[in-house]
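The residues making up each chain are set out below.
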Amino acid sequence: MPSDLATAALDGKPAERIVARALLVGDRIDAAGLERDDMIATAPLALRLGPAKFVALYRFGVAVFIGLTPVEEENFLEQIAGRIAGKRDRKNDETAVLEILPGYEDRVPPGGPIQMPDLSAARFLVVADVLAKTVSLARDEGALSGVFDVIEPFAGELARTGRAPWNRRKMLRLIGQALLAQHRISGRVAVEEKPDVLWDHPNLERLYARLEDEYELRERARALTQKLGVIVETGQTLTDILDVDRSTRLEAMIVILILAEILITLTQIFQAHH
């Protein structure tokens, strides 16, 4: 169940536990025109569906739910199915447990529930931002791993033989993989940018910082940037190799044509004297 009573208590009063879940539902979500009376934010589009039920839709393809049952989540996603581009099978998801009790401070114990005094709209937006980013990072980490799996055999052959494998189609495919990864990942999710809600609620800066550390957002973003840099450099290197190969072939053809012309001229001279 997405909501129950925890056995832990403060001053003998039980804390309420609510499940938050982020789902990768597609490549993009078009939320334009979904504004309504229960909206609590526009970027991302966030709605209050009940006293302790929220949903936020991120344009990079992630939906975050708090307090909804799996059936309610599916029903909501069916309602916006036409707005989801590049639908996914939702292998990427992130779940967190919120423990709510008046008197709690905003705390994020390692591996434990996220503690907070209440589930306000502002706190929901902070938690949703972090969960959406971690799911998107997992998607991009998987995409880069796939590109590295393609690059590794090429690099291995280059290391063994000292020469690039002269399979033009294979090299062009690898360049395409590198460019596609760069296009999909560069600037898609501004992981190191703080959510807009912190401008109006600076008291939640500490909660955001603790969640950011718990999910290692900055470290994972830096690692992705470094891997993406390697992929881009690999694509540039392959392009240079193709250019050099093309230039070498053109030079060889020019030399052959010159030699052929010389041979023809000599043949003509020889025939003229006989």
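If you're wondering where the values come from, they're calculated on a predicted model, not measured in any experiment. (Residues numbered from 1 in each chain as written. Predicted model: local features only at pLDDT ≥ 70, side-chain atom pairs only at ≥ 80, totals over all residues. Heavy atoms only, no water.)

**Observations regarding the overall build of the chain**
Each helix and strand in the chain was counted, giving 6 helices and 10 strands. Evaluated residue by residue, the chain yields a buried proportion of 39% over its 274 residues. For the chain, the share of sequence-separated contacts (at least 6 apart) that also reach a separation of at least 24 residues comes to 68%. By element, 55% of the accessible surface of the chain is carried by carbon and sulfur atoms, the whole surface being about 15700 Å². (Helix = DSSP H or I, 4+ residues; strand = E, 2+ residues; numbered from the N terminus. Buried < 20%, exposed > 50% of the residue type's maximum accessible area, 1.4 Å probe, protein only. Contact = heavy atoms within 4.5 Å. Areas by Shrake-Rupley, 256 points an atom, 1.4 Å probe, with all protein chains shown as cover.)

**Considering the layout of surface pockets**
Considered as a void within the structure, the largest pocket measures approximately 620 Å³ in volume. In terms of lining residues, the largest pocket is bounded by 28 residues, among which Ala-43, Pro-44, Tyr-58, Asp-129 and Asp-196 are the most central. Listing elements by their share of the lining of the largest pocket, those giving two or more residues are β4 (39-42), β6 (53-58), α2 (121-161) and α4 (197-200). When the residues that make up the lining of the largest pocket are grouped by side-chain class, the tally is 16 nonpolar, 2 polar and 10 charged. (1 Å grid on protein atoms, 1.4 Å probe; cavity = no way out; pocket = protein on both sides within 12 Å on 5 of 7 lines; lining within 4 Å. Points joined across faces, edges and corners; volume = space filled by probe spheres on them. Nonpolar A, V, L, I, M, F, W, Y, C, P; charged D, E, K, R; others polar.)

**What about the packing of aromatic side chains?**
Applying the stated criterion across every chain, the model contains 3 aromatic pairs. Between Phe-54 and Phe-124, the aromatic rings sit 4.8 Å apart at their centres with planes inclined by 20°, giving stacked as the arrangement. Placement of Phe-54 in strand β6 and of Phe-124 in helix α2 is noted, with a sequence separation of 70 residues between them. We note that Phe-54, like Phe-124, is buried. (Phe/Tyr/Trp six-rings, centres within 6.5 Å; stacked < 30°, edge-to-face > 60°.)

**Overview of helix α1 (residues 70-79)**
The set of residues buried in α1 consists of Glu-73, Phe-76 and Leu-77. An end-on view of α1 places all buried positions within 100° of arc, on one side of the element. For α1, exposure combined with an orientation more than 90 degrees from the buried face picks out Val-71, Glu-78 and Gln-79. The secondary structure elements touched by the buried residues of α1 are β2 (13-24), β5 (45-50), β6 and β7 (62-66). (Arc of directions from axis to C-beta.)

**Observations regarding the pairing of strand β9 (residues 93-100)**
Along any regular strand the residues' side chains alternate between the sheet's two faces. Two strands pair when backbone bridges link them, and β2 and β9 are joined in this way by 8 bridges, in the antiparallel orientation. Across the sheet, the residue bridging to Arg-21 is Thr-95, located in β9. Direction of pairing for β9 relative to strand β10 (residues 114-116): parallel, over a ladder of 3 bridges. In the strand pairing of β10, Glu-99 is matched with Gln-115. (Pairing = 2+ DSSP bridges.)

**Digging into the nonpolar core**
Among the nonpolar cores identified, the biggest contains 48 residues, and Val-62, Leu-98, Leu-119, Phe-124 and Leu-211 are the most heavily contacted of them. Counting residues per element, this core draws most heavily on α2, which supplies 15 residues. Here Val-62 is in contact with Ala-22, Leu-23, Leu-24, Ile-29, Ala-56, Leu-57, Ala-132 and Val-135, once residues within four sequence places are set aside. Formed by 15 residues, the second largest nonpolar core is a distinct cluster that contains Ala-31, Leu-47, Leu-57 and Leu-77. (Core = buried A, V, L, I, M, F, W, Y, C linked by side-chain atoms within 4.5 Å.)

**Some words on a nonpolar patch on the surface**
The grouping of Ile-254, Val-255, Ile-258, Leu-259, Ile-262, Leu-266 and Ile-269 at the surface amounts to a nonpolar patch, some 650 Å² of accessible area in total. In this structure, Leu-259 sits in helix α6 (residues 217-272). Here Leu-259 falls in the exposed class, since its relative accessible area comes to 53%. (Patch = residues over 30% accessible without salt bridge, like charges linked within 9 Å, V, L, I, M, F, W, Y side chains within 5 Å. Salt bridge = Lys/Arg side-chain N within 4 Å of Asp/Glu carboxyl O.)

**Things to note about the side chain of Ser-136**
Considering the arrangement of structural elements, one finds Ser-136 in helix α2. By relative accessible area, Ser-136 is classed as buried at 1%. Side chain to side chain, Ser-136 and Arg-139 meet in a polar contact 3.1 Å long. (Polar contact = N/O pair within 3.5 Å; in protein donor to acceptor, adjacent residues only side chain to side chain.)

**Here's the deal with the confidence of the model for the chain**
With 79% of its residues at a pLDDT of 70 or more, the chain has an overall mean of 82. Element-level mean pLDDT values for the chain span from 44 in strand β1 (residues 3-10) up to 96 in β7. Note that residues 1-10 has pLDDT below 50 and, in this model, 29 contacts with residues that lie over four places away or in other chains. (pLDDT = per-residue confidence, 0-100.)

**A look at the side chain of Asp-129**
With respect to the helices, strands and loops of the structure, Asp-129 is situated in helix α2. On the basis of relative accessible area, Asp-129 is assigned to the buried category, the value being 9%. A polar atom in the side chain of Asp-129 sits 2.9 Å from the side chain of Lys-133. Once residues lying within four places of it in the same chain are set aside, the contact partners of Asp-129 are Tyr-58, Pro-195 and Tyr-208.

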